Each structure stands twice: as C-alpha cells, then as structure tokens.
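Descriptive structure summary
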Amino acid sequence: MDSFGRKIDYLRISITDRCNERCLYCMPEGYTGWEQTRDHLTADEIIRVVRVAAGLGFRKFRLTGGEPLVRGDILEIIRAMKTISGVEMIGLSTNGTRLEKFAKPLQDAGVRAVNVSLDALDATIYKRVTGGDVNQVVAGIRAAVSAGFERVKLNCVLMRGVNEQEIWPLVLFAAEHGVPLRLIELMPLTRTDVLTEKNFYPVGDAMKLLQQRDELIPRPDARIGHGPAQYFLLKQTGALVGFIGALTNLHFCENCNKMRLTADGKIRPCLGDHGEIDLRSALRNNADDAALQKIFLSALQSKPLEHHFRDNYQPTRPMTAIGG
Ligand code: SAM
Ligand code: SF4
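Below, the structure is looked at part by part.

1. Description of the site of ligand 2
Close to ligand 2 lie nine residues; C19, C23, C26, G66 and N95 are nearest. Residues of the shell around ligand 2, tallied by class, amount to five nonpolar, three polar and one charged.

As structure tokens, then:
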C-alpha cells in the first residue's frame, strides 16, 4: 500500500530506451539522447528486481521501453520471470513491428497480455506519426491474436489534426479482430511542444465522435487488464473501447496501482512526477535482498497522490527510458 491507501502491485519495466520507430509524441526525429547500454540493467539484474518486487507483493509485470522487442535477450528475461513465485501476470507493450515473428515465442515464454500501439491504419498517416510501416504492425497484431495470449489490446494516442479521422477505422479494426481499443490522451512525456491546445484531442471529443456512429454502453465493471481505461461497448459494432483521459479525467490517479522501473535501474513511482529512486547502484554494490526491498518501500512511500501533467509539467528525460 502506498501512503494514500492504494494497492500498488504492478511494475512496468523499461528494458531498453532504444526503439525502431520515431513517434511524434515520444521520440523526435534525429533523437540521439540514448542511455549508454552499460547503464541499462542486465537480464540478471532485471530478473533479480522482479524477484525482490514479487517478494514484496508485486504480482503484475509489464515489459516495455523503448521497444522491448529490439532487446535480444527478451525471451530469456521472460522465461526467468515466469519461474518466480508471486509473478501472476507478465505483459508486454510493443509497437508491433516485430510481433509477427515474436508473437508465438513470447506466448511460449510466458507472456499473457500484449498491448500494441496503433495510431492509424492509413499507411501514410501511420508513417507520419511513427516513421514505420503499418503493414508490419497489422501482421503483428494478427499473429498476436492467433498466438493464444489471454489479452491483446490496441493503444491509440489521440492527436487533433493528425489521426482523428483514423479513430473510426481503428474501432472497426478492433471489432473485427475481437480486441479492445484504448484511446489515450497525449501527455507531455518526452516533448512538451506536441502537447498544444491545437494538438490535444480530449477523450471526451472521441466519445462524442463515436456516439455519432453507434451507441456507447458503459462497462464500468470491465476491468480488461490492469490499466486506467474507462470502457464502453459499442452496441452495433461490438467493439470495446477504453478511454484513457490522463489529462481531462480528474480522478485518473485515484486507482493507480503501478510503479515503474527505468531502463537504467531507477524506480519511478509516478510517470508524471520527476521523483526517481536509484536501485542500480545498490544492485551493483552487492546489496542483499533486504536492502533492495527497503529501497522499493521508500519509493512506494514517496509515490505522489497524482501526476503533474496539468501543472506545466516539463519532462526531464524521455518516455522511452522511463517505460510507458
Ligand atoms: N514501444 C512500445 C509501444 O510503442 O507500445 C512500448 C513503449 S511506448 C513508450 C508505450 C506507450 O506509451 C505507447 O502506447 C505509446 O503510444 C505511449 N506514449 C508514448 N508517448 C506518449 C505521449 N506523449 N502521450 C501519450 N502516450 C504516449
Ligand atoms: Fe518507440 Fe513506442 Fe516511443 Fe513510438 S511510442 S517511439 S514505438 S517507444
């Protein structure tokens, strides 16, 4: 429990800050501010952190980044995590570009839930937003759907004037593949310049747009996974759509259940707060598990009540290193 009585049992781990895409809102074109790889936690260090966290009551773990599938030892990490007592759920967030090849091995290794980012189906818009090839991602999503994961979800970051016309095609695509689609408000995570009045597209507007096409039936009980989305079932299409109003939902942080581990081994209690607690130094200075647990507990106690995205928040380091 954190100091506000929230049960924190979900750890999201950025296993690399590297990525093979360049999303407008995440990693600007020409970005070179990579961490040194020697600063990244090794597979053994990540596995040890998971063991310590599981010993404290963390039950759900998600590997993210950067793009986790660019890291060569990902399957090794997952296989080892699966054997740790207390680890109930291993999830993965990916841009999907390498999923066609990796879906089955990931499922075999122990991943139960996969989130795939998909901001547009139109190839030109997708390329403009991410720099990548949407056909690879669609192939990856199809592979994930047939690989037998317990959950596959799609994530779309909303940007006015960029991908709003893609929302409805994405809803139809999600319905066709029987996977939930989550619509996410833009947050000032790496760059603040993308989060302007002009670019910002609130989830409330997306809801109105969908209401013009279909009836939205609230699914307050839908707890699909462990995230903060509010879900609605679209009556005609059968799509399940989740709205992640990180900026406009003033209750967003009330049920927060997570902390993050950065690619370079800092515990980050809140995505929208600069506070980080160094775990890597202890890991590399032969600290015992009790010492590592103590660091975790102090991070837990420092978890703020809510994020500061509405207070002219200025990110100090990229989202890819923190782990989205
Ligand atoms: N590379 C993987 C991917 O794209 O899914 C995992 C890492 S990515 C940082 C995790 C999630 O964060 C993605 O769904 C991405 O769209 C989201 N994200 C990144 N920057 C964001 C921003 N500024 N606002 C909102 N969501 C963002
Ligand atoms: Fe890469 Fe994911 Fe960031 Fe896009 S959102 S640049 S795919 S880490």
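After that view of the structure, there is still more to cover.
2. Structural notes on the pattern of salt bridges
Tallied over the full model, the rule gives 15 salt bridges. In this structure, the salt-bridge partner of D17 is R18, at a minimum N-O distance of 2.8 Å. D17 sits in the buried class, given a relative accessible area of 0%. A relative accessible area of 25% means that R18 is categorised as partly exposed.

3. Considerations on the pairing of strand β4 (residues 113-117)
Counting buried residues in β4 gives four out of five residues, a clear majority hidden from the surface. Strand direction decides the pairing type here: strand β3 (residues 89-94) and β4, joined by four bridges, are parallel. Its bridge partner being in β4, G91 is matched across the sheet by A113. Taken together, the five bridges between β4 and strand β5 (residues 151-158) define a ladder with parallel strand orientation. When the sheet's bridge partners are listed, S117 is paired in β5 with N155.

4. A few points about the side chain of D214
Structurally, the position occupied by D214 is in the loop between α7 (203-211) and β7 (216-218). In this structure, D214 is buried with no salt-bridge partner, the nearest side chain bearing the opposite charge being K235 at 7.8 Å. Engagement of the side chain of D214 in a polar contact is seen with the backbone nitrogen of T237, the distance being 2.9 Å. When residues no more than four places from it in sequence are discounted, the contact partners of D214 are W168, L234, K235, Q236 and T237.

5. What to know about the environment of V52
In this fold, V52 is placed in helix α1 (residues 43-56). Residues V52 and Q293, spaced 241 residues apart in sequence, show a C-alpha to C-alpha distance of 6.4 Å. Those residues in contact with V52 that lie beyond four places of it in its chain are D289, L292, Q293 and F296.

6. Some thoughts on helix α6 (residues 167-177)
In an α-helix, one full turn covers 3.6 residues, which means residues spaced three or four apart are oriented alike. Those residues of α6 that sit buried are I167, W168, L170, V171, F173, A174 and H177. The secondary structure elements touched by the buried residues of α6 are α5 (134-147), β5, β6 (181-185), α7, β8 (230-234) and β9 (240-244). Count one or two residues on from α6 and you reach G178, which has phi positive near 65°.

7. Quick word on the sheet that holds β8
Read from one edge of the open sheet, 12 strands run β7-β8-β9-β6-β5-β4-β3-β2-β1-β10-β11-β12, paired in mixed fashion. Both edges of this open sheet fall to β7 and β12 (277-278), since each of them pairs with a single strand only. With three bridges joining them, β7 and β8 adopt antiparallel strand pairing. Bridge pairing links L216 to L234 in β8. Each of β2 (60-64) and β3 touches helix α2 (residues 74-82); the most contacted strand, β2, lies at about 175° to it.

8. Some points on the site of ligand 1
Taken together, the neighbourhood of ligand 1 is formed by 18 residues, with Y25, G66, E67, S117 and M187 sitting nearest. Its free accessible area being 540 Å², ligand 1 has 94% of it covered by the protein chains. Going through the elements one at a time, β3 and β5 are the ones with two or more residues in the shell around ligand 1. The class makeup of the residues in the shell around ligand 1 is seven nonpolar, nine polar and two charged.

9. Comments concerning helix α4 (residues 123-130)
Within α4, burial applies to I125, Y126, V129 and T130. End-on view of α4: buried residues confined to an arc of 110°, all on one side of the axis. Turned more than 90 degrees off the buried face of α4, the exposed positions are T124, K127 and R128. At its buried positions, α4 is contacted by α5. For α4, the N-terminal capping position is held by D122, with its side-chain oxygen 3.0 Å away from the main-chain nitrogen of T124.

10. A closer look at unusual backbone geometry
Trans peptide bonds make up the majority, and among non-glycine residues the majority have a negative phi. With a phi angle near 60°, N286 is a residue other than glycine that sits in the positive phi range. Structurally, the position occupied by N286 is in the loop between α8 (280-284) and α9 (289-301). Accessibility expressed as a relative area gives 71% for N286, which makes it exposed.

11. Structural notes on the nonpolar core
Among the nonpolar cores identified, the biggest contains 108 residues, and L11, F61, L106, L183, L210, F243 and F296 are the most heavily contacted of them. Here this core gets eight residues from one element, more than from any other, and that element is α1. Aside from chain neighbours lying at most four places away, what touches L106 is L69, L75, I78, L92, L99, V111 and F149.

Rules behind the numbers
Residues numbered from 1 in each chain as written. Chains lettered and ligands numbered in written order. Predicted model: local features only at pLDDT ≥ 70, side-chain atom pairs only at ≥ 80, totals over all residues. Heavy atoms only, no water. Near = heavy atom within 4 Å. Nonpolar A, V, L, I, M, F, W, Y, C, P; charged D, E, K, R; others polar. Salt bridge = Lys/Arg side-chain N within 4 Å of Asp/Glu carboxyl O. Buried < 20%, exposed > 50% of the residue type's maximum accessible area, 1.4 Å probe, protein only. Helix = DSSP H or I, 4+ residues; strand = E, 2+ residues; numbered from the N terminus. Pairing = 2+ DSSP bridges. Lys, Arg positive; Asp, Glu negative; His and termini not counted. Polar contact = N/O pair within 3.5 Å; in protein donor to acceptor, adjacent residues only side chain to side chain. Contact = heavy atoms within 4.5 Å. Axes fitted to C-alpha atoms, helices over the stretch in contact; angles between N-to-C directions. Areas by Shrake-Rupley, 256 points an atom, 1.4 Å probe, with all protein chains shown as cover. Arc of directions from axis to C-beta. Core = buried A, V, L, I, M, F, W, Y, C linked by side-chain atoms within 4.5 Å.

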